[in-house]
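Coordinate inspection notes
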Amino acid sequence: MTGLEILLLVLVLVGVLLAATIVRAISPFIVNAVVGLLVLFLANAVFALPIAVTPVVLLIVALGGVLGAIAVIVLALFGIAFVP
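Read on for a plain summary of the structure.

**Notes on unusual backbone geometry**
The bulk of non-glycine residues show a negative phi, and the bulk of peptide bonds are trans. A positive phi is found at Ala-48, a non-glycine position, where the angle reads about 50 degrees. Within the fold, Ala-48 resides in the loop between helix 1 (3-45) and helix 2 (55-77). By relative accessible area, which is 58% here, Ala-48 ends up exposed.

Right, here's the structure in full:
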């Protein structure tokens, strides 16, 4: 192996380890966002709650997760925001 091949191998290894670390760090946030979106979907589908699903609502739920979904549901139930 030449020096260039060894350098490329080391760089690829460092890249893979860095990517694995990033995925491991953000996976709880992804799971929380998916569960929050599921809660919002179930609130609309099962309980027929009047929630206007807009890009703002989806952003709040994606960033806030379950707590964001609960906040959107409560605000919609009291007629404060997110009402169609």
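On we go from here.
**With respect to helix 2**
For helix 2, with 23 residues, the first-to-last C-alpha span of 19 Å runs short of the 33 Å given by 1.5 Å per residue. Of all bends in helix 2, the biggest is about 140 degrees, found at Gly-65. All of the buried residues in helix 2 are Val-57, Val-61, Gly-65, Gly-68, Ala-69, Val-72, Ile-73 and Ala-76. Immediately beyond the C-terminal end of helix 2, within one or two residues, lies Gly-79, with a positive phi of roughly 75 degrees.

**Brief notes about the environment of Phe-47**
For Phe-47, the position within the fold is in the loop between helix 1 and helix 2. Taking the relative accessible area as the measure of exposure, Phe-47 reaches 60% and is therefore exposed.

The rules we used
The numbers attached to residues start from 1 for each chain and follow its sequence in the written order. The predicted origin of the model limits local features to residues at a pLDDT of at least 70 and limits the giving and counting of side-chain atom pairs to 80 or more, whereas totals for whole chains, interfaces and linings rest on all residues. Side-chain measures here rest on the full set of heavy atoms in the structure, leaving out hydrogens and waters. In this description a helix means any DSSP run of H or I spanning at least four residues, a strand means any run of E spanning at least two, and both kinds are numbered starting from the N terminus. Buried, partly exposed and exposed residues are distinguished by accessible area as a fraction of the type maximum, computed with a 1.4 Å probe on protein chains only: under 20%, between the cut-offs, and over 50%, respectively. Every helix has an expected span of 1.5 Å times one less than the residues it contains. The seven residues ending at a residue and the seven starting there each receive a fitted axis; the angle between those axes is the bend at that residue.

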